Structure formats: structure tokens, C-alpha cells
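Structure assessment
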Amino acid sequence: KSWARTLSARSTNPSPRPISTATLQPLTNFVPPSAAGQTGTALMAQQLLSSRSRLLSASAIDRSYLADHALSISDPDAYWSEIAANNYHWEKSFDASTVLKYNFHASKGPIHIEWFKGGKTNISYNVVDRWAEDTPEKTALIFEGNDPSETASYTFKELKAKVFRVANVLKAKGVKKGDRVALYLPMTVDLPISMLACARIGAVHSVVFGGFSSDALAARIKDSGSKVLITADGVGRGEKVINLKSIADTAMDSLGAEDQVETCLVLERLNEEQLKDNPTASHRDPSRDVDFAAACAAVSDDCPVTWMDAEDPLFILYTSGSTGTPKGVLHTTGGYMVYSGETFRNVFDYKGAPSDIFWCTADCGWITGHSYLAYGPLLSGCTSIVFEGVPNYPDASRFWSTVERHKVTQFYTAPTALRALMREGDEPVKKHDLSSLRILGTVGEPINPAAWDWYNEIVGKGNCPIVDTWWQTETGGHMLTPLPNKWPLKPGSATLPFYGVAPALIDPSSEEELEGNDVHGHLCMKQPWPGMARSLWNNHERFEEVYFSQFDGYYCTGDGAQRDEDGYFWVTGRVDDVLIVSGHNIGTAEVESSFVGHGDVAEAAVVGFPHEVKGEAIYCYVTLNQGVEGSEDLRWELKKKVAEELGAFCRPDVVHFTPALPKTRSGKIMRRILRKIADPSETDKLLAGDLECLGDISTLADEAIVHDLVEGLREPC
Ligand code: 6R9
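All values derive from a computational prediction rather than experimental measurement. (Residues numbered from 1 in each chain as written. Predicted model: local features only at pLDDT ≥ 70, side-chain atom pairs only at ≥ 80, totals over all residues. Heavy atoms only, no water.)

Some words on the overall build of the protein
Summing up its helical and strand segments, the protein has 23 helices and 30 strands in all. Here the protein has a C-alpha radius of gyration of 25 Å; the compact-globule value for 717 residues is 27 Å, and the two agree. The proportion of buried residues among the 717 residues of the protein is 60%. Of the contacts made within the protein by residues no fewer than 6 positions apart, 74% connect residues no fewer than 24 positions apart. For the protein, the accessible area works out to roughly 26,400 Å², and carbon and sulfur atoms hold 50% of it. For the protein, the centre of its 68 positive side-chain charges and the centre of its 95 negative side-chain charges are spaced 5 Å apart. (Helix = DSSP H or I, 4+ residues; strand = E, 2+ residues; numbered from the N terminus. Rg over C-alpha atoms; globule rule 2.2 N^0.38 Å. Buried < 20%, exposed > 50% of the residue type's maximum accessible area, 1.4 Å probe, protein only. Contact = heavy atoms within 4.5 Å. Areas by Shrake-Rupley, 256 points an atom, 1.4 Å probe, with all protein chains shown as cover. Lys, Arg positive; Asp, Glu negative; His and termini not counted. Charge placed at Lys NZ, Arg CZ, Asp CG, Glu CD.)

Right, dumping it as C-alpha cells:
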């Protein structure tokens, strides 16, 4: 049965159902929620909400979507078994009578989620073998190097040979089904290829973003128990060279005997000149380090597939939590495969056209790169671009010249990148022919109206639907998202749930689900979707605690959201202590613990503040030990420490020395007040002595501290 044929067969609706109008009750007296106590992104979303919200007519939403969505919720077994069976290869079929088994109620026993139990498949086989057979000469991956003169492309047949070789190298190094392999690589095709190689032999990949520090890498190697690491000597990013090998060496050297990496495969990426400037990148430990390319050349390009149970682990990806160490989010084989593939095809309107060239600018170190650079597009046989560079190198037209050169049809990026490029004006965009573009996407944080308009008008020329996709590392794929041309867009809203997604808004004080439209609450999910995380690596208890303990029976996303009068969702930002800086999750607790690790620091409190390009930026309040004076040097040293320990993208923007932090009588830091003081739009008022924006400060143990904090705004931070 040809895969291409089944793709189009699936676009006919399963069975017509009555149209649900539940999400479409119009309310005329819409009042935007109060903006009090919300963070930067929340406020941004808030402004969007009040400026753009307008009532739609009930017929505006595609009826087949309503019918299909209703079916996917009322009968997930029927809905997903048809898609899974028709569009993916299963070596052994799953049991169609129990496609989904789960418990979302912590009160009723352990949380568990199982999809497609009994089925055996392999996601790498579904990417590589099938398309190497169906469309062997079609381009699978296009590589676009940091240096724009460096591009290459690989057909599905070539992809297969490369994946098989890496799989054989891993096997030769003793990697077996279930073993973890850490990947700390630049964005060359070797990264998705290594992911696919792991999956082929049943190894669990744990990709660590190349911008992470040696401490962060070591913690992830240790927690996942990875005995093999694949890394590179280094990578050029814009003008800079990142010496990955020396960071990896520091990480490996810091690990104890039982956590040691046994084999480190090293991809040689730097040229002679770069190596001359970075001599430590050439360091090799002969007992552990192996040349990646030479090892691949020495093995066969044929490798048998390891069939996996649907619920066998596929990968671990670490993400920041509001407390403690990063969480090793665990995804499994069958459900993730079906969900990443299905969301890709629907959200990016992929119908199998050979001319479709999909470009997701995310790094494979994040979930977006996993689901929409590697797995989603390739599972559908679509050409996917691997971009090693940065948006502003060699100049601000890099994205657009690349779109023009490769005739990109679907383009997926982050609002922070758009905001940075917008500042460079329209010229860098306008001088390129972007007529190939058909769909534009965004991910990672809410998109503000100005960036949305610019994306729409200047990049898309008003012709490309913008899919603002809300989802998380834990969700595996898109959750709230427009489907192109199926309903009108509202800039800043991720609109409606994808098939199988049953969102609920919960009032945190009553813990009741809010019914109807025009409500605001904590965004939760009522039932599982195939792509959801199954656990946290080696820590199921924390999985239950973080996502299921707050509201019994619901998966809790940690985001707040508004459902407007048309049933559209507006994600208003985190409700916990996670910051979204340039689209990257950063736990305030992690930054704080890095600060207090410094001998001069007594206490630290970290909050976000609105930032024009990053969306949210990092503001740190620091109290110093007795006798230590806050100085410019110390401020610089502290910023550097955080950047070194957590990664450069976590570098604090502001360090504000203060004699004390505002606390309640029970000793809780009042972050609400710290957020207001950090917000630049409040500074003038505060300095003029108007403290009204701080709200009620009477619950503070010592109100005078507020004045010290405000006075501190006069100093450079
Ligand atoms: C895919 C990804 C997840 C958090 C999420 C939310 C924020 C992501 C968004 C968005 C508003 C969007 N977020 N997409 N907020 N609109 N379209 O980013 O995963 O790195 O785990 O971050 O990002 O706060 O909870 P991850």
C-alpha cells in the first residue's frame, strides 16, 4: 500500500457527527480580564486580547473540523486507531479495542497513559525505510550552514545509508535497546541523523542543546545515565566559534566513576583556522574519544531494525521546572509518532506535494526541533531544512535569502526572532523573492500584534495563514493551533484545540472547571492525546506531582489562558516560576541557586520583565553577605557565573543589589512586588513616589524595604 495514497485518503472525514456548538456560544458583554499581577508576556497577551478580539459568526469555523474534533474527543479509540493504522507502518497491529488506557486521577492511583498497546513499530523505520522505498530520490534534508556558501542536500536513500551507519557505530560501541545516548551537537544533519539512528536500534536519545554549559550537560548525562555521547569539536555560530569539545570534556571530567561516559564520538566540524584559535577543541582522550566520521565509514550501511513496543521509550528531553533540577520529559514510540506526524500534516497543510520545502528554524536541542524538524516532516516524507546559523548572520536578511534560495513553502520560527528582525526594517525582507511561502508559523511564546502584523504583511504579503502554535515539551506536538483556512485568525491567539485535545480552564481558587466562553483560568487538559509525555525519566513521582497534583483528573500545563467569546484560546503566560526568555524556558529557581552558590551572595530572587525582543528578560534581586559591597565588578561576575553554569541564554539582564527582599510574615518572597519594580513601564511612577501599582503591601513583614528597592532603581543595573 502506497504511503502517498493513504495520506490523501485520510483527509476524508471518518464519519459525520452532529456539529458541536459548545465552543461557539457568543457572549456580547465581553470584558477583558484584569491585568493585575501578570508578567510581561501575560500583559502582552492581555493587550492583544483587548485590541483584537472581535466576535465571529458561528459558521466561521469549518464544520468538518468541528465534527472531527468532537469525534476525536468522544471516541479517541476510533479516531486515532484509523489514523495510526492507515498512515504508519506497524510490524504488529495494536489492539484496536483498547487504543487508549489511562488514569488522570492521582486520587485513584498512579497516573498512567498508554496508547496503541500491543502494537509494534519503529519511528525511524517509518521515517527512513518507507520513504527510501517510496521516494528514494526525493530530498529528505537540506543543510544550510552557518556560512551561507555551505549547503548540501540528502535524498531519502542517502539518509537511510547515513542513519544505518550511525546505528551500526552505536551498536559496535555496545549500545542496546533501552540504553540512553546523549547528543550534544551543532545543527548539522548529523543531529537528526543521530536521533534517527538511536531510534532505529531502540536506544533512547537525550539531546542537549549546544548552548548549554558543561554543568548543564553533565547533569543531563548523569540523570539519563548516558554511557555514549556524540558531540563535535565545535561550531561556528555567526561570527563566534563555540568550542563544544572543551565544554564536553569539562562535563565528562566532572562526572564520578559510576556516571562516566564510556565512548565519546566526535564530529569534526571546525576548519583549520577555527582550530588554531580554539586549540582545546582538538583535545582527544584516546581511551574514550572516537572520530565520528571515521567510525561511520568503517561500518556497514545496512542495519536491521529493532521493533519497539508502542510504549517503549523513544527519547528524553530536559526542560526547566519551577523548582529543583530540570525535568527529563519522557516520550514513547507509538503515540509520539502518530501525533508528531499528524500535527505536522494538518497544521502545516502538507498534502505530499514534492515542491513543499519545510523550514523550522528551531534547534533540535528543543522539542520544536524534535517534532517539527526531525520527526514530523520526515515521517510524512517532506523535505526539511537543517539550519546551523543564526538569524542575523551574515546580515538581517539571512532567513529571507534562505527562503528564496531553497523556495521554502512553510516557514516556522519564534516571535523573538521576528521581533529582532523587525527592528532591522523591511528592506532585508523586501529585497528577496518570498513568493514560494504558503504558511507561516510561530512557536514558543505569545506573539505581539506588531510582530504578527509584520510577519503577515511584510513576510507573508497577506497571503499566508499564520499558525500560532501553542504547545510544550511535555505535549510532544501542537495543542492549540490554527489549521490553515479552517477558521479566521485573531493575531495573538493560538485559536482552537487540535484533534484529540480537550482543554479546560480551571479557576485556581475554587478548583472548578470554568464552563462556557469569556473565562480565564489555568490551562489544563481533560484527557490524553497520543503525543503526551508518559513520565519524567526515573522520577514518576515528580511527574505526578508537577502535572497532576494540582487539579485532580487534569493534566496541568502551568500556563494561564483566556477563552474568548468565540471559544478562541489566548495563552497569557506561565502561572508558575518559569520564565520564557526568547522562547526558552528558564526556571527562576535554577538561576537563584546559581546566584546563592556565590560566596558573597546571601539570597536571590529572580523575576521576568517585559523585553522588546526577548519577550521576557531576567531580573535578579540579590542580597549580599554582611560586609560585602555591591559593585560593578561583582555584578558582572555574577552574570558570568549564571551564564557559565546554566548556559549563555540564561545570562541575567539586570542584577539589582538590595539590602533585603520583600517577604510576608511567614517568610514568603512577594514576587508580585518584585515583578512590578522590575517592569520598566512602572519605573517613572515608582521613582516619583507613586507606589499604587504595587498593590497591597500591608502583608509585608517590613514595608520599608519597598522604598529601598525603588531607590535601587536609580543605580545602573
Ligand atoms: C513548544 C515549546 C512551553 C511553554 C508553554 C508556554 C510557551 C509555547 C506558545 C507559548 C504562547 C504560543 N509557549 N508556545 N505561549 N503562545 N504559541 O515552546 O515548548 O520549550 O516546553 O515551552 O512555552 O508558556 O508552556 P517548551
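So, the pattern of salt bridges
Enumeration over the complete set of coordinates arrives at 40 salt bridges. With a closest N to O distance of 3.9 Å, D253 and R288 form a salt bridge. Highlighted residues: D253 in helix α9 (residues 244-254) and R288 in the loop between α10 (272-277) and β12 (289-291), separated in sequence by 35 residues. On the basis of relative accessibility, which here comes to 8%, the residue R288 falls in the buried class. With a closest N to O distance of 3.1 Å, R288 and D289 form a salt bridge. In this structure, R288 and D289 share a single accessibility class: buried. The network of salt bridges with shared partners includes K245, D249, D253, R288 and D289. (Salt bridge = Lys/Arg side-chain N within 4 Å of Asp/Glu carboxyl O.)

Things to note about the site of the ligand
Taken together, the neighbourhood of the ligand is formed by 17 residues, with D468, T469, T473, D559 and R574 sitting nearest. Here a nitrogen atom of the ligand and a backbone polar atom of E445 are 3.4 Å apart. Between the ligand and the protein, one listed contact pairs a nitrogen atom with a backbone N or O atom of T469 at 2.8 Å. Elements supplying a minimum of two residues to the shell around the ligand: α13 (367-379), β20 (466-469) and β25 (569-574). Split into classes, the residues belonging to the shell around the ligand amount to 7 nonpolar, 6 polar and 4 charged. (Near = heavy atom within 4 Å. Polar contact = N/O pair within 3.5 Å; in protein donor to acceptor, adjacent residues only side chain to side chain. Nonpolar A, V, L, I, M, F, W, Y, C, P; charged D, E, K, R; others polar.)

Quick look at the sheet that holds strand β14 (residues 313-319)
Strand order in this open sheet of 8 strands is β12-β11-β8-β6-β7-β14-β15-β23, and the pairing throughout is mixed. The open sheet has two edge strands, β12 and β23 (535-536), and neither has a second partner. When strand β8 (residues 228-232) meets strand β11 (residues 263-267), the two strands line up parallel, connected through 5 bridges. Paired with T231 across the bridge in β11 is V266. (Pairing = 2+ DSSP bridges.)

Some points on the UniProt feature "domain: Acetyl-coenzyme A synthetase N-terminal" (unreviewed entry) in the protein
Using the residue numbers shown here, the UniProt feature "domain: Acetyl-coenzyme A synthetase N-terminal" (unreviewed entry) corresponds to residues 65-127. Secondary structure over residues 65-127 splits into 43% helix and 16% strand, and the C-alpha atoms at its two ends are 27 Å apart. (UniProt positions renumbered as here; feature names shortened; annotations may be inferred.)

A short note on the sheet that holds strand β4 (residues 139-144)
Where strands meet in a sheet, backbone hydrogen bonds hold them as pairs that are either parallel or antiparallel. Reading across the sheet, the 7 strands line up as β5-β4-β17-β16-β18-β19-β20 and stay open at both edges, with mixed pairing between neighbours. Whereas interior strands pair on both sides, the edge strands pair on one side only; in this sheet they are β5 (151-155) and β20. Going across the sheet, the axis of each strand differs from the next one's by a mean of 20 degrees, ignoring polarity. Two strands pair when backbone bridges link them, and strand β19 (residues 439-443) and β20 are joined in this way by 4 bridges, in the parallel orientation. Counted as the bridge partner of T442 is D468 from β20. Here helix α14 (residues 398-406) sits on the sheet in contact with β4, β5, β16 (357-360), β17 (383-387) and β18 (410-413), set at roughly 145 degrees to β4. (Axes fitted to C-alpha atoms, helices over the stretch in contact; angles between N-to-C directions.)

Side note on the environment of H331
Residue placement: H331 occurs in strand β15 (residues 327-332). Taking relative accessible area as the criterion, H331 reaches 0% and is therefore assigned buried. Spatially, the C-alpha atoms of H331 and W537 are 9.5 Å apart, while their sequence positions differ by 206 residues. Not counting the four nearest positions on each side in its chain, H331 is found in contact with P313, L314, F315, Y336, I367, T473, E474, T475, G476, G531, M532 and A533. A polar side-chain atom of H331 sits 2.8 Å from the main-chain carbonyl oxygen of T473.

With respect to helix α20 (residues 632-646)
The end-to-end C-alpha separation of α20 is 21 Å, in line with the 21 Å expected for 15 residues at 1.5 Å each. Taken as a whole, α20 has its buried residues at L634, R635, L638, K639, K641, V642, A643 and L646. Of the surrounding secondary structure, the elements contacted by the buried residues of α20 are α8 (214-224), α19 (588-596), β28 (601-611), β29 (615-624) and β30 (654-657). At the C-terminal side of α20, G647 shows a positive phi close to 120 degrees. (Expected span 1.5 Å × (residues − 1).)

Side note on unusual backbone geometry
Cis geometry marks the peptide bond from Y393 to P394, where omega comes out at -5 degrees. The residue P394 is located in the loop between β17 and α14 in this model. In this structure, N538 is a non-glycine residue whose phi angle is positive, near 60 degrees. Secondary-structure assignment places N538 in the loop between β23 and α18 (540-548). The exposure class assigned to N538 is exposed, which follows from its relative accessible area of 67%. Positive phi values are uncommon outside glycine, yet S582 reaches one of about 50 degrees. With respect to the element layout, S582 can be found in the loop between β26 (578-581) and β27 (584-587).

Here we look at the packing of aromatic side chains
On inspection of all chains with the given rule, the structure shows 46 aromatic pairs. With a centroid separation of 5.1 Å and an interplanar angle of 85 degrees, the aromatic rings of Y372 and W471 are classed as edge-to-face. Here the residue Y372 occupies a position in helix α13, and W471 occupies one in the loop between β20 and β21 (503-506), the gap between them amounting to 99 residues. Pair check on accessibility: Y372 and W471 agree, each one buried. Site record: aromatic cluster; members linked through ring pairs are Y65, Y79, W80, Y339, W487, F498 and Y499. The residue whose ring lies beneath R220 is F212, and the NZ or CZ to ring-centre distance is 4.3 Å. Of note, K490 hangs over the ring of Y568, and the distance from its end group to the ring centre comes to 4.7 Å. (Phe/Tyr/Trp six-rings, centres within 6.5 Å; stacked < 30°, edge-to-face > 60°. Lys NZ or Arg CZ within 6 Å of the ring centre and 35° of its normal.)

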